[in-house]
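Structural overview for review
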Amino acid sequence: DGGITQSPKYLFRKEGQNVTLSCEQNLNHDAMYWYRQDPGQGLRLIYYSQIVNDFQKGDIAEGYSVSREKKESFPLTVTSAQKNPTAFYLCASSRQGAIYEQYFGPGTRLTVT
Amino acid sequence: EDQVTQSPEALRLQEGESSSLNCSYTVSGLRGLFWYRQDPGKGPEFLFTLYSAGEEKEKERLKATLTKKESFLHITAPKPEDSATYLCAVRISGGSQGNLIFGKGTKLSVKP
């Protein structure tokens, strides 16, 4: 079955540590995205990538970094510079082009204490 | 400022009681409106895409419609398994290809 996988489902880290969230897709989609979801707020875009070895900042990129070395993979690193890292993180992918819908993974809940 | 507003924030229905969820938008050039369903602790599940005013899409008990200023998600004779948060998102012209603007969602509860 084609889909998007995110791991782990739950992640706990101490303040000051960097942490990397995994996102893999086997839908053969060119574009991939990272969103953050907080209670009472809409999804907010962190980073997106339309092609391998290229990515752009979204609305809330500060304190995050990404890489896109393979078409199937788009890992997100939450750095110690991110002031409020505790959140639900969602990865998505879509076909190339602005008109296509995005498909989401199951999410990773990150808790930083 | 481009904005997407969903109402109501929460909706409680009895099983079989039909109703509608609203998504209104003020954006500069709509290039697509997307509806998603999200269950607690899970990623959003894609439901519909609407591109132009007057367009309608249906799936089981759900029907999505689009006007120039808003979209409605009509739920006919809902069942408890329809309970979820429904998200609306828009893509605008001139925006980056990555940028969907999401509403905050409507949490639907259907009681048996």
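Everything numeric in this text was worked out from a predicted model, so none of it was measured.

The partner chain A presents 25 residues to the 21 residues of chain B that form the contact. Each partner contributes to the roughly 1,800 Å² buried at the junction of chain B and chain A, and carbon and sulfur atoms together form 51% of this total. Between chain B and chain A we count zero salt bridges in total. Counting across the interface, chain B meets chain A through five residue pairs in polar contact (both at pLDDT 80 or more).

Turning our attention to the packing of aromatic side chains. Per the counting criterion, the structure on display carries eleven aromatic pairs over all chains. Pairing Y35 of chain A with F102 of chain B gives two aromatic rings, centres 5.6 Å apart and planes at 80°, and the pair type is edge-to-face. Residue Y35 of chain A is located in strand β4 (residues 31-37), and its partner F102 of chain B is located in strand β10 (residues 100-102); the two belong to separate chains. Each member of the pair, Y35 of chain A as well as F102 of chain B, carries the same accessibility label: buried. Relative to F102 of chain B, the ring of F104 of chain A has its centre 6.3 Å away and its plane inclined at 75°; by these criteria the two rings are edge-to-face. With F104 of chain A in strand β10 (residues 103-104) and F102 of chain B in strand β10, the pair connects residues from two separate chains. Judged by relative accessible area, F102 of chain B falls into the buried class, the value being 8%.

With that settled, the discussion passes to the state of the cysteines. Here a disulfide denotes one covalent bond, and it connects the sulfur atoms of two cysteines. Residue and element names in this part refer to chain A. All chains considered together, the criterion is met by two disulfides over all chains. C23 shares a disulfide with C91; S-S distance 1.9 Å. Here the S-S torsion is close to -70°, and the disulfide linking C23 with C91 is therefore left-handed. Pair noted here: C23 is in strand β3 (residues 19-25) and C91 is in strand β9 (residues 87-94), with a separation of 68 residues, a long-range link.

What counts and what doesn't
Residues numbered from 1 in each chain as written. Chains lettered and ligands numbered in written order. Predicted model: local features only at pLDDT ≥ 70, side-chain atom pairs only at ≥ 80, totals over all residues. Heavy atoms only, no water. Contact = heavy atoms within 4.5 Å. Buried area = accessible area lost by both parts, 1.4 Å probe. Salt bridge = Lys/Arg side-chain N within 4 Å of Asp/Glu carboxyl O. Polar contact = N/O pair within 3.5 Å; in protein donor to acceptor, adjacent residues only side chain to side chain. Phe/Tyr/Trp six-rings, centres within 6.5 Å; stacked < 30°, edge-to-face > 60°. Helix = DSSP H or I, 4+ residues; strand = E, 2+ residues; numbered from the N terminus. Buried < 20%, exposed > 50% of the residue type's maximum accessible area, 1.4 Å probe, protein only. Disulfide = S-S within 2.5 Å.

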